[in-house]
Structure formats: structure tokens, C-alpha cells
Amino acid sequence: MKKVFIILGISAIFAACGGNSSTKGGADSASGANQAAKAANSDADTVVAKTGTEATGSSAAPSAGEKLIATLDCSTCHKVDTKVIGPAFQEIAAKYEATDANIDMLAKKIISGGSGNWGNIAMTPHPSLPEADAKEIVKYILSTKK
Ligand code: HEC
């Protein structure tokens, strides 16, 4: 539905431009065309503005954990839906239920690093990451479950 609006908006803008260039004669009919072009233009503006608000309104704001991850090195080895060096966040979410015990255990694992649960490749430790932040991150990771 949004796409249709955008396409409508874009074609309205093109229509407006076409109208303008054909008005260079300056005859009576030209001013009519100009007004039509102006009307089309303001219509297009409204449509585009509406689409913009809809887009921001529907996308959820990133959680605290998601924001933290963006400031750390996690995405070098982890992506949400594909395995890189470490398991995908969705795989982790499928393996562990979001219980307090699991959140605790995974937060500690992020801080101290290590291997063995997914294979022989080790995750680097993150000793300066506060445990509370690590828990927020784990909550976000477990929330990516499909
Ligand atoms: C150097 C690559 C690397 C980086 C950087 C990295 N990880 Fe990992 N991560 C791994 C690997 C490899 C594993 C699998 C470890 C295992 O087999 O137990 C893993 C496992 C995990 C697990 C699951 C742990 C378990 O015991 O099942 C979580 C949660 C996780 N990482 C979160 C993070 C977060 C959050 C960050 C950023 C602070 C991060 N990782 C940074 C490579 C990395």
C-alpha cells in the first residue's frame, strides 16, 4: 500500500513538471495548466509527508540492548539471521528460553567469553561490559526469536 502511495506521489511530481514546461507560451490556457500543476504539486507533498510519518510510526524504536550492541564489536561475529563467526542471534534465541537463569548465564558468557556451546571457536571476552548492560543485550538477543 505504501509503495502505491509513493508511486502515485512520484508520478504526480512528474505530471507537475510536465505541466510546468508546457506553460512557457504564456497564453490563458497556460495559467490554467500552471494552477493544475501547482495543485498536483501540493497533493504530491501531502502524500509524501503522510508516507514519511507512517514509516517512522510503524518501525519499533530500538531496545536498550540493540543500541548497546551497536556500540560494541558483536556485529563483527554475529548477525540477527545468519551465522558469521558466532551463531545468529535467532539461533541463540531458539536454543535458550528467556528465563532469568539463562539471561544470567549468557550475560556472564558475553563478559568472560569462551567456547563449547556452539563449537570450538571462542567468543572474545568483554570484561569492561557491565553485567546489567550484558543482560539488556541478552534480552534483546532472545527477543529476536522467530
Ligand atoms: C570474535 C567473534 C565474536 C565476537 C566479537 C562476539 N562473539 Fe558472541 N560468540 C562468538 C562465538 C564463536 C560464539 C559461540 C561460543 C560457543 O560455542 O560457546 C558466540 C556465542 C555467543 C552467545 C551464545 C553463548 C552461549 O553460550 O550459547 C551470545 C549470547 C553472544 N555470543 C553474544 C555476543 C555479544 C552480545 C557480543 C558483543 C558484546 C559478542 N557475542 C561478540 C563469537 C563472537
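The structure displayed is predicted, hence computed values, not measured ones. (Residues numbered from 1 in each chain as written. Predicted model: local features only at pLDDT ≥ 70, side-chain atom pairs only at ≥ 80, totals over all residues. Heavy atoms only, no water.)

Asks: Explain the site of the ligand to me, and be specific about the residues and the numbers.
Replies: Around the ligand sit 26 residues in total, of which Cys74, Cys77, His78, Lys109 and Met123 are the nearest. Within the side chain of Lys109, an N or O atom sits 2.5 Å from an oxygen atom of the ligand. Contact between the ligand and Gly116: an oxygen atom at 3.4 Å from a main-chain N or O atom of the residue. Looking at the shell around the ligand residue by residue, the class counts come to 15 nonpolar, nine polar and two charged. (Near = heavy atom within 4 Å. Polar contact = N/O pair within 3.5 Å; in protein donor to acceptor, adjacent residues only side chain to side chain. Nonpolar A, V, L, I, M, F, W, Y, C, P; charged D, E, K, R; others polar.)

Asks: Now, about the layout of surface pockets: what can you tell me, with residues and values included?
Replies: Within this model, the largest pocket holds a volume of roughly 580 Å³. In terms of lining, the largest pocket is formed by 30 residues, of which the most central are His78, Gly86, Pro87, Ile92 and Met123. Contributions of two or more residues to the lining of the largest pocket are made by α4 (74–77), α5 (89–95), α6 (100–112) and α7 (131–142). The residue inventory of the lining of the largest pocket, partitioned by class, reads 16 nonpolar, 11 polar and three charged. (1 Å grid on protein atoms, 1.4 Å probe; cavity = no way out; pocket = protein on both sides within 12 Å on 5 of 7 lines; lining within 4 Å. Points joined across faces, edges and corners; volume = space filled by probe spheres on them. Helix = DSSP H or I, 4+ residues; strand = E, 2+ residues; numbered from the N terminus.)

Asks: Which residues make up a nonpolar patch on the surface, and what values go with them?
Replies: On the surface, a cluster of nonpolar side chains totalling about 260 Å² of accessible area is made up of Val84, Ile85 and Ile121. Mapped onto the elements of the fold, Ile85 is located in the loop between α4 and α5. Classification of Ile85 as partly exposed rests on a relative accessible area of 44%. (Patch = residues over 30% accessible without salt bridge, like charges linked within 9 Å, V, L, I, M, F, W, Y side chains within 5 Å. Areas by Shrake-Rupley, 256 points an atom, 1.4 Å probe, with all protein chains shown as cover. Salt bridge = Lys/Arg side-chain N within 4 Å of Asp/Glu carboxyl O. Buried < 20%, exposed > 50% of the residue type's maximum accessible area, 1.4 Å probe, protein only.)

Asks: Which residues make up the packing of aromatic side chains, and what are the values?
Replies: Summed over all chains, the structure comprises one aromatic pair. With centroids separated by 6.3 Å and ring planes inclined at 85°, the aromatic side chains of Phe89 and Tyr140 adopt a geometry described as edge-to-face. Placement of Phe89 in helix α5 and of Tyr140 in helix α7 is noted, with a sequence separation of 51 residues between them. Using a relative accessible area of 13% as the deciding quantity, one classes Tyr140 as buried. (Phe/Tyr/Trp six-rings, centres within 6.5 Å; stacked < 30°, edge-to-face > 60°.)

Asks: A description of the coordination of the iron atom of the ligand should follow, citing residues and the corresponding values.
Replies: Bound to the iron atom of the ligand are the protein donor atoms His78 (NE2) and Met123 (SD), situated 2.0 Å from the metal. Relative to the metal, the six donor atoms surrounding the iron atom of the ligand lie at angles of 82 to 179°, and the coordination shape comes out octahedral. In this pair, His78 sits in the loop between α4 and α5 while Met123 sits in the loop between α6 and α7, placing the two residues 45 residues apart along the sequence. (Donors = N, O, S within 2.8 Å, 3.2 Å for Na, K, Ca; no water. Tetrahedral: all angles 85-135°; square planar, octahedral: opposite > 155°, others 65-115°.)

Asks: Tell me what's going on with α7, and back it up with residues and numbers.
Replies: The first and last C-alpha atoms of α7 sit 16 Å apart over 12 residues, in line with the 16 Å expected at 1.5 Å per residue. Residues of α7 that are buried include every one of Ala134, Ile137, Val138, Tyr140, Ile141 and Leu142, and no others. The inward-facing, buried residues of α7 abut α3 (64–71), α5 and α6. (Expected span 1.5 Å × (residues − 1). Contact = heavy atoms within 4.5 Å.)

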